[in-house]
Structures are given as C-alpha cells and as structure tokens.
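One-letter residues, chain by chain:
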Amino acid sequence: MDQGFTATVKSVNRLIQELSRLPGIGPKSAQRLTYYLLRAPDEQAKALAEAILSVKQQTRLCPSCFNITDSDLCPICGSDERDRSKICIVEQPQDILALEHTRVYKGLYHVLHGAISPTEGIGTDDIRIKELLQRLKNGSVDEVILATNPTLEGEQTAMYLNKLISPLGIRVTQLARGLPFGTELEYADDVTLTHAIEGRQEF
Ligand SMILES: [Zn+2]
C-alpha cells in the first residue's frame with residue numbers, strides 16, 4: 001500500500017464519518033453519498049462545501065423572533081403583510097417552515113430554540129422565554145398560539161408558558177390535537193397541520 005492510497009482512504013473515511021453524524025443519515029447512506037461525491041464533478045463538490053460554509057457564516061438569528069435570517073429582521077418579521085397581533089410559539093426554526101407551508105397562518109412567530117427538559121438539563125432560562133415575555137410587554141399582541149411539539153417536553157413547555165402568559169390578559173391557544181403524540185411538527189403533513197392551526201383551541 002503506497003502513501004497516496006493510504007491518504008485517499010483516510011480522506012474518504014473522514015467524509016463518511018462527518019456525513020454519518022448528520023441526522024437521518026446512517027453509515028450506509030454516508031458511504032453512498034461519499035462515493036457519489038468522489039465521482040461528481042469538482043464544481044459540484046465545491047458548491048456543496050461552499051453552501052455549507054455560507055449557511056454558517058451568512059445567517060444569524062432574527063433579533064425579534066429568533067428565526068434564521070440573512071438580513072436584519074427575518075422575512076416574516078420584516079413583512080408588512082403579517083398580522084402582528086398574533087404570535088405562534090415553536091421550538092425550532094424548521095417548525096416555521098412546516099407551518100408556513102400550509103399558508104393558513106398569517107401572524108408572527110417566536111422560536112424558543114428548544115423545549116424545557118429536566119432530564120436533559122434544559123431549564124426555563126435555556127430557551128428564549130425571557131425574550132418572548134419582552135415582546136409581549138408592548139401590548140400589541142392579543143393571541144399567543146402554543147405550537148410546541150406534542151411530546152412530553154413540548155407539553156411541559158406549553159403548560160409553563162400558559163402559566164406565564166395568561167395572567168397578562170393575552171388569549172392563549174394551542175394547536176388542535178390530531179397531531180399524534182410523540183411526533184415533531186416539522187414531520188407533520190400539510191393537511192394535519194392545517195387542521196391543527198384552524199382548529200386551535202383555548203389552552
Ligand atoms: Zn423574525
């Protein structure tokens with residue numbers, strides 16, 4: 001085995017390892033992707049590497065709702081066509097994608113970046129709750145829709161938020177059940193999500 005061959009194998013293994021750390025990609029898929037990229041034109045591999053770097057370097061969190069943005073405010077907070085009297089609370093930015101896909105909801109969002117989970121050591125100060133209460137202070141919001149995941153952590157978080165928000169005189173609603181327990185919003189289909197938003201109920 002000459003030096004060159006060993007080096008090539010090392011770099012192939014490195015890519016397989018990095019890819020298999022991604023969610024939803026097992027060792028088999030990581031191998032398949034690696035050998036695909038090995039055969040792909042240089043430009044394609046370069047474009048992929050650059051896209052990964054740019055998503056890290058050119059995006060940040062919206063200072064208002066904490067969605068991902070590449071400008072000052074995110075496109076939703078920056079739009080003048082959104083109903084500013086409603087804020088839908090989600091755990092992750094990708095939940096916004098799922099809800100926006102239904103085209104039913106026209107209000108604003110707030111991304112918590114997680115859910116309360118005592119078992120994982122995630123407390124109330126570790127997610128964007130303080131920032132949410134700050135937003136609610138100016139009095140222009142009349143409904144908060146709790147759209148945390150229908151999981152143990154999501155439910156705990158929703159209950160905690162309801163306790164904080166209802167004393168402020170703001171209507172608190174929750175997505176209609178019908179989302180099976182344990183599923184995550186980002187994987188729910190459009191029809192289920194549309195029903196969940198339209199049929200939202202008082203918390
Ligand atoms: Zn925003």
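Cut-offs applied
Residues numbered from 1 in each chain as written. Predicted model: local features only at pLDDT ≥ 70, side-chain atom pairs only at ≥ 80, totals over all residues. Heavy atoms only, no water. Helix = DSSP H or I, 4+ residues; strand = E, 2+ residues; numbered from the N terminus. Rg over C-alpha atoms; globule rule 2.2 N^0.38 Å. Buried < 20%, exposed > 50% of the residue type's maximum accessible area, 1.4 Å probe, protein only. Donors = N, O, S within 2.8 Å, 3.2 Å for Na, K, Ca; no water. Tetrahedral: all angles 85-135°; square planar, octahedral: opposite > 155°, others 65-115°. Core = buried A, V, L, I, M, F, W, Y, C linked by side-chain atoms within 4.5 Å. Phe/Tyr/Trp six-rings, centres within 6.5 Å; stacked < 30°, edge-to-face > 60°. Pairing = 2+ DSSP bridges. Contact = heavy atoms within 4.5 Å. Axes fitted to C-alpha atoms, helices over the stretch in contact; angles between N-to-C directions.

Asker: In this structure, what is going on with the overall build of the chain? I would like to understand it.
Answerer: Across its full length, the chain carries 8 helices and 7 strands. The globule rule puts the C-alpha radius of gyration for 203 residues at 17 Å, and the 21 Å found for the chain is more than 25% above it. Taken over the C-alpha atoms alone, the chain extends approximately 75 × 35 × 35 Å along its principal axes. Out of the 203 residues belonging to the chain, those deemed buried represent 37%.

Asker: What should I look at first to understand the coordination of the zinc ion in this one?
Answerer: Ideal geometry at a metal centre gives angles of 109.5 degrees when four donors are arranged tetrahedrally and 90 or 180 degrees when six donors are arranged octahedrally. The protein atoms that coordinate the zinc ion are Cys-62 (SG), Cys-65 (SG), Cys-74 (SG) and Cys-77 (SG), at distances spanning 2.2 to 2.4 Å. Around the zinc ion, the 4 donor atoms sit at angles spanning 102 to 116°, and that spread fits a shape best called tetrahedral. Mapped onto the sequence, the donors of the zinc ion take the spacing C-x2-C-x8-C-x2-C. Of this pair, Cys-62 sits in the loop between β1 (60-61) and β2 (68-69) while Cys-77 sits in helix α4 (residues 75-78), and the two are 15 residues apart along the sequence. On the basis of relative accessibility, which here comes to 0%, the residue Cys-62 falls in the buried class. By relative accessible area, Cys-77 is classed as buried at 6%.

Asker: Explain unusual backbone geometry here, please?
Answerer: Trans is the prevailing form of peptide bonds, just as negative phi is the prevailing case for residues other than glycine. At Arg-103, a residue that is not glycine, the phi angle is positive and equals roughly 60°. Inspection of the secondary structure puts Arg-103 in the loop between α5 (93-101) and β4 (107-111). For Arg-103, a relative accessible area of 69% translates into the label exposed. The backbone of His-113 sits at a positive phi, close to 60°, despite the residue not being glycine. By the secondary structure assignment, His-113 is in the loop between β4 and α6 (129-136).

Asker: What should I look at first to understand the nonpolar core in this one?
Answerer: Proteins that are soluble and globular tend to have nonpolar side chains buried together. With 40 residues, the main nonpolar core has Ile-89, Val-90, Leu-99 and Ile-165 as its most contacted residues. Residue assignment for this core shows that the elements contributing at least two residues are α4, β3 (83-90), α5, β4, α6, β5 (143-146), α7 (152-165) and α8 (190-198). Of the residues forming this core, the biggest block, 4 residues, is contributed by β3.

Asker: Could you clarify how one ought to interpret the packing of aromatic side chains in this entry?
Answerer: Centre distance and the angle of the planes are the two values used to describe a pair of aromatic rings. Counting across every chain of the model gives 1 aromatic pair. Considering the side-chain rings of Tyr-105 and Tyr-109, the 5.2 Å spacing of their centres and the 65° angle between planes classify their relative orientation as edge-to-face. For Tyr-105, a relative accessible area of 4% corresponds to the buried category. By relative accessible area, which is 1% here, Tyr-109 ends up buried.

Asker: Explain the pairing of β3 here, please?
Answerer: Regular strands place their side chains on alternate faces of the sheet. With respect to burial, β3 is a largely interior element, 6 of its 8 residues being buried. For β3 and β4, the ladder comprises 5 bridges, and the chain directions are parallel. Looking at β4, one finds that Val-90 is bridged to Val-111. Taken together, the 4 bridges between β3 and β5 define a ladder with parallel strand orientation. Looking at β5, one finds that Ile-89 is bridged to Leu-146.

Asker: Which parts of the structure should I look at to understand the environment of Ala-176?
Answerer: Here Ala-176 shows up in the loop between β6 (171-174) and α8. Distance in space between the C-alpha atoms of Ala-176 and Gly-199 is 5.3 Å, their sequence separation being 23 residues. Each residue touching Ala-176, except ones within four places of it in the same chain, is listed here: His-195, Ala-196, Gly-199, Arg-200 and Gln-201.

Asker: Would you explain the sheet that holds strand β7 (residues 201-202) in this entry?
Answerer: The strands making up a sheet are joined through hydrogen bonds of the backbone, oriented either antiparallel or parallel. Here 5 strands make up an open sheet; going across it, the order is β4-β3-β5-β6-β7 and the pairing mixed. Only two strands of the sheet have a single partner each, and these edge strands are β4 and β7. Here 4 bridges tie β5 to β6, and the two strands are oriented parallel to one another. Considered in β6, the bridge of Val-144 is made with Val-172. This element, α5, spans β3 and β4 of the sheet and lies at about 155° to β4.

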